[in-house]
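For reference, the chains in residue letters:
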Amino acid sequence: MSTNNNLALNNASNVPSDAVESAEKKLERIEAYVCVVAILLAFLTVFGSLRRRNSNVVIKYCIWVTYVSCTYLIGYTIGLMQSVSFDNELLAFWGAFLLTFFGSADCISAYSLEDNENWKRYILEVLVQFFGLGWLIKKYKFKAIIAVPLYFLFCLSLIRTVEKAVALKSASRDGLKRSTRPIADFMTYYEHNDEEADARSMKGYKYLVVGEKKPEVSPPRYQMKLDTTPPDVITIEKIWQCNGDLLRSGDTAGRLKDICLSFAMCRILLCRFAGYSLFESRESKEKCKKLVRDGLILKEGGDEEVDHERVFRVIEDELRFVYDSLYTKYPIIFARGRLIGSIQFISVIFGCWIMVNIFIDYRAPSEHLKLVTVDGRDIDILVTGIGIAIIIFVEIVQYLVFNCSDWAKVKWVCSYVKNPSWHTKGCREKFIQCAGILKGLKPWERELGQYSLLHSFNHNRCLLNNSWTSCCTRKKLPVEVKKAVILSLRTNDLHLSNGEASLRRNEVWDALSWACRLESHTHVIMVFHIVTNLFEINESQSGTEESKDFIVATTLSKYCAYLVAFAPRLLSHQADFTEVIFDQVVQEARDFLKESNKPEEIRDEMMKLCKNKNPGDIISTGKIFERAAILANSLKDNQQKWKILADFWADIMLFVTPSNDANAHAEHLAVGGEFVTHLWVLLTHAGILKRDSAQDVLPQEFSA
């Protein structure tokens, strides 16, 4: 801004003449910062949740910069307001705007898990900012017509910042422990002691959805016991047994019931994020396996056909709830109820409308410093109008988004089950049915990272100025992959296999089982990945059409290699050990293939790698590349090699999924999500939290 071009300074007798220019510049900066923070808030409101649907680095850092900048700009601007030597009573309003903005973005209360753990620091920051706002309010004597909207804004900012503080505390490790303890105790000691369960009708599955009261603590173990018998307590069993037409015939695809199932499963999964152990007894594991096997995997009315689309839809919705529970204010909004939320929304809109009417005719005291345009328009009022407009915009967008979300659908279905009178009211049933049809944006990226060692071994990930990341691509998750993994889980009767089961099914176990029994799972993955890469090169040279088995094998091979290279914490073995092995394999590739640049040269070099060497010695003590050459020679003439590899990769994908590093999965939820996280959740609900020790081939010195 400049007075010479388009601004004029009003009569400011209380500002010394030698400080007029400095005062004007300060006011310009304050107004600019208020507008910038308002725009950043609007950006977070619209795009804050985009990061869970996209792994793009640009989007990630744009949201991070916006989130961090808001915090620092708000503190700096309020401090700047306190330091000015001139008078302008609108400074108090702008300070209230800034604190309202501080906690208003419902879709991103925390950028990272670390933010949740630092909830006390956030409270301290808020207290400091409110002290500054209080100083500004006390500085001026406001007329009643101005004081009313100011105190309204003060209350609104207090509500918003308290909501964010509660959200951060609830999502911290200690907060999760407190909130999930009753669920953990209920699932461990009480829920599985019921009658014979039927996963088709959900009879006997008292997974809690909403409505539980304060739990009783019972000796001698002093666990928290929840009573599921009151009508206000809604469980999965009650939803499936509801006699209302909406859930019997109106929900033909089972979408509404499945959303409630996802929510109940999310509450159980959060126990694992809090560090509680689940499904310890044999009975509990059997009941969980029955739910996944008969209630999720098998199609309705089918004997053996798997319903892979429904399985992943339920898990996707569950992880949407998990993400919201860890990174947004939605659980707090959900807990306060529709009535309070609607009253608050109407109050905010009504209050902003009153403020608009007041400031239309507002005239600042003559002794106050203000900026105006050359045609006489008051820039102070313009800035105030922008603040009010952004608040209205944010409130409307967030109210609509939440009331069209799965959180609202859970609330409506539970109210329907709890109130039998709703079963005869067609308008309410129609409304809930229409709400269930609404589909939100995709809950995660639905893409797989792809890394090919034979094409990318010359990249150096230790240097930031190279194209290492360019060797990792993203591929849309094929339907064939989802179906193959679920079919593998069903075929093995929800038992994990290190690949040997698939070799037995394809009658090649005698010749190839050694490749599944190497020193670690990373060894196995990299050996089979190199072989799959090699055959893919052959296939591309021949130009034959890609089969379903080819798609499954190549996609999962590159995805497992991507996890080894870029996300080792998501795998079941220790990340540092995985990184060491991968670095050695990359070095082996450079040593063995240093003269090979073209794909056909790499293929030819690999196929003659172990000539004149004893296969037995290589299998027992050889390098990973040498072992891969042995395996490739054993498979190259097999007409069923793509089916063998596809079945193997489906088995090994599940085998390496169990992990105790829940935080790693939570962190990846905020950057697009990972397919392995969905499998990790599915296995958790099947009671598979770790592999059988007999199948664990990790060396003793690297055991956790």
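Residues numbered from 1 in each chain as written. Predicted model: local features only at pLDDT ≥ 70, side-chain atom pairs only at ≥ 80, totals over all residues. Heavy atoms only, no water.

**Side note on the overall build of the protein chain**
No. 1: Of regular secondary structure, the protein chain possesses 30 helices and eight strands.
No. 2: Going through the 704 residues of the protein chain one by one, you find that 56% of them count as buried.
No. 3: Intrachain contacts of the protein chain at a sequence separation of at least 6 include 79% that bridge at least 24 residues.
No. 4: A total of about 31,000 Å² of accessible surface is found on the protein chain, and carbon and sulfur atoms cover 55% of it. (Helix = DSSP H or I, 4+ residues; strand = E, 2+ residues; numbered from the N terminus. Buried < 20%, exposed > 50% of the residue type's maximum accessible area, 1.4 Å probe, protein only. Contact = heavy atoms within 4.5 Å. Areas by Shrake-Rupley, 256 points an atom, 1.4 Å probe, with all protein chains shown as cover.)

**A closer look at the nonpolar core**
One recurring pattern in soluble globular proteins is that nonpolar side chains are buried together.
No. 1: Core analysis: the biggest nonpolar cluster contains 228 residues, and Trp-94, Val-209, Trp-649 and Phe-675 have the highest contact counts within it.
No. 2: Sort the elements by how many residues they give to this core and helix α10 (residues 255-273) lands first, with 13 residues.
No. 3: When neighbours within four sequence positions are excluded, Trp-649 is seen to be in contact with Ile-525, Phe-528, His-529, Thr-532, Ala-553, Leu-556, Ser-557 and Cys-560. (Core = buried A, V, L, I, M, F, W, Y, C linked by side-chain atoms within 4.5 Å.)

**Re unusual backbone geometry**
No. 1: One non-glycine residue, Arg-446, lies in positive phi territory at about 60°.
No. 2: Along the chain, Arg-446 turns up in the loop between α17 (426-437) and β7 (447-451).
No. 3: Of note, the phi angle at Leu-494 is positive, near 60°, even though the residue is not glycine.

**Quick look at helix α11 (residues 282-297)**
No. 1: If you check α11, its first and last C-alpha atoms are 21 Å apart, about what 16 residues at 1.5 Å a residue would give, namely 22 Å.
No. 2: Buried within α11 we find Ser-284, Lys-287, Cys-288, Lys-289, Lys-290, Leu-291, Val-292, Arg-293, Gly-295, Leu-296 and Ile-297. (Expected span 1.5 Å × (residues − 1).)

**Focus: the environment of Gln-450**
No. 1: With respect to the helices and strands, the residue Gln-450 is situated in strand β7.
No. 2: The buried category is assigned to Gln-450, whose relative accessible area is 6%.
No. 3: Ignoring anything within four residues of it in the chain, the contact list for Gln-450 reads Cys-471, Cys-472, Thr-473, Lys-475, Thr-554, Thr-555, Lys-558, Tyr-559 and Tyr-562.
No. 4: Among the polar contacts listed, one links the side chain of Gln-450 to the backbone oxygen of Thr-555, at a separation of 3.1 Å. (Polar contact = N/O pair within 3.5 Å; in protein donor to acceptor, adjacent residues only side chain to side chain.)

**Describing the packing of helix α29 (residues 662-669) against helix α30 (residues 675-685)**
No. 1: Where α29 contacts α30, the two axes come as close as 10 Å, and the packing angle between them is 130°. Taken together, α29 and α30 sit at an angle that is classed as oblique. Crossing angle aside, the handedness with which α29 passes α30 is left-handed. Here Ala-662, His-665 and Leu-669 of α29 lie close against α30, whose contacting residues are Val-676, Thr-677 and Trp-680.
No. 2: Per-class residue counts for the contact of α29 with α30 are four nonpolar, two polar and no charged. (Axes fitted to C-alpha atoms, helices over the stretch in contact; angles between N-to-C directions. Parallel < 35°, antiparallel > 145°, perpendicular 65-115°, else oblique. Left-handed = near helix turned anticlockwise from the far one by under 90°. Nonpolar A, V, L, I, M, F, W, Y, C, P; charged D, E, K, R; others polar.)

**Regarding the confidence of the model for the protein chain**
No. 1: Mean pLDDT over the protein chain: 85, with 88% of residues reaching 70 or higher.
No. 2: When the criterion is pLDDT under 50, residues 1-15 qualifies, and its contacts beyond four places in sequence or with other chains add up to 45 contacts.
No. 3: Taken together, the stretch residues 694-704 has pLDDT below 50 and engages in 23 contacts with residues farther than four places along the chain or on a different chain. (pLDDT = per-residue confidence, 0-100.)

**So, the state of the cysteines**
By definition, a disulfide links the sulfur atoms of two cysteines through a covalent bond.
No. 1: Scanning the model with the defined rule gives zero disulfides in all.
No. 2: We note that Cys-266 lacks a disulfide partner, and the nearest cysteine sulfur, in Cys-271, lies 9.7 Å from it. (Disulfide = S-S within 2.5 Å.)

**Some remarks on the side chain of Glu-163**
No. 1: Take Glu-163: it is sitting in helix α6 (residues 144-171).
No. 2: By relative accessible area, Glu-163 is classed as buried at 8%.
No. 3: Residue contacts for Glu-163: discarding those within four places in its chain leaves Lys-329, Ile-332, Arg-336 and Gln-344.

**Looking at the pairing of β7**
No. 1: Of all five residues in β7, four are buried, a share of seventy percent or more.
No. 2: Where β7 and strand β8 (residues 472-476) come together, five bridges link them in antiparallel fashion. By the bridge assignment, Tyr-451 is partnered in β8 with Cys-472. (Pairing = 2+ DSSP bridges.)

**Thoughts on a nonpolar patch on the surface**
No. 1: Nonpolar side chains collect at one region of the surface, where Val-57, Tyr-61, Trp-64 and Val-65 lie side by side and expose about 390 Å² of accessible area between them.
No. 2: Topologically, Tyr-61 is positioned in helix α2 (residues 57-83).
No. 3: When its relative accessible area of 45% is taken as the criterion, Tyr-61 is described as partly exposed. (Patch = residues over 30% accessible without salt bridge, like charges linked within 9 Å, V, L, I, M, F, W, Y side chains within 5 Å. Salt bridge = Lys/Arg side-chain N within 4 Å of Asp/Glu carboxyl O.)

**Quick look at the environment of Asn-54**
No. 1: For Asn-54, the location among the structural elements is in the loop between α1 (20-47) and α2.
No. 2: Put simply, Asn-54 and Gly-672 are 618 residues apart on the chain and 4.4 Å apart in space, counted from C-alpha to C-alpha.
No. 3: Those residues in contact with Asn-54 that sit more than four places away from it in its chain are Ile-59, Glu-445, Val-671 and Gly-672.
No. 4: At 2.7 Å, the side chain of Asn-54 forms a polar contact with the backbone nitrogen of Asn-56.

**Considering the packing of aromatic side chains**
No. 1: Tallied over the entire structure, the rule returns 31 aromatic pairs.
No. 2: Geometrically, the ring pair formed by Phe-263 and Phe-334 is tilted, given 5.3 Å between the ring centres and 50° between the ring planes. Here Phe-263, found in helix α10, pairs with Phe-334, found in helix α13 (residues 330-336); they are 71 residues apart in sequence, far enough to count as distant.
No. 3: Residue class for Phe-334 comes out buried when judged on its relative accessible area of 10%.
No. 4: An angle of 70° between the planes, with centres 5.8 Å apart, marks the rings of Phe-273 and Trp-680 as edge-to-face. With Phe-273 in helix α10 and Trp-680 in helix α30, this pair connects stretches of sequence that are 407 residues apart. For the pair formed by Phe-273 and Trp-680, the shared burial category is buried. (Phe/Tyr/Trp six-rings, centres within 6.5 Å; stacked < 30°, edge-to-face > 60°.)

**Overview of the side chain of Ser-557**
No. 1: Residue placement: Ser-557 occurs in helix α23 (residues 548-566).
No. 2: A relative accessible area of 1% places Ser-557 in the buried class.
No. 3: If we ignore the near neighbours within four places in the chain, the residues touching Ser-557 are His-529, Thr-532 and Trp-649.

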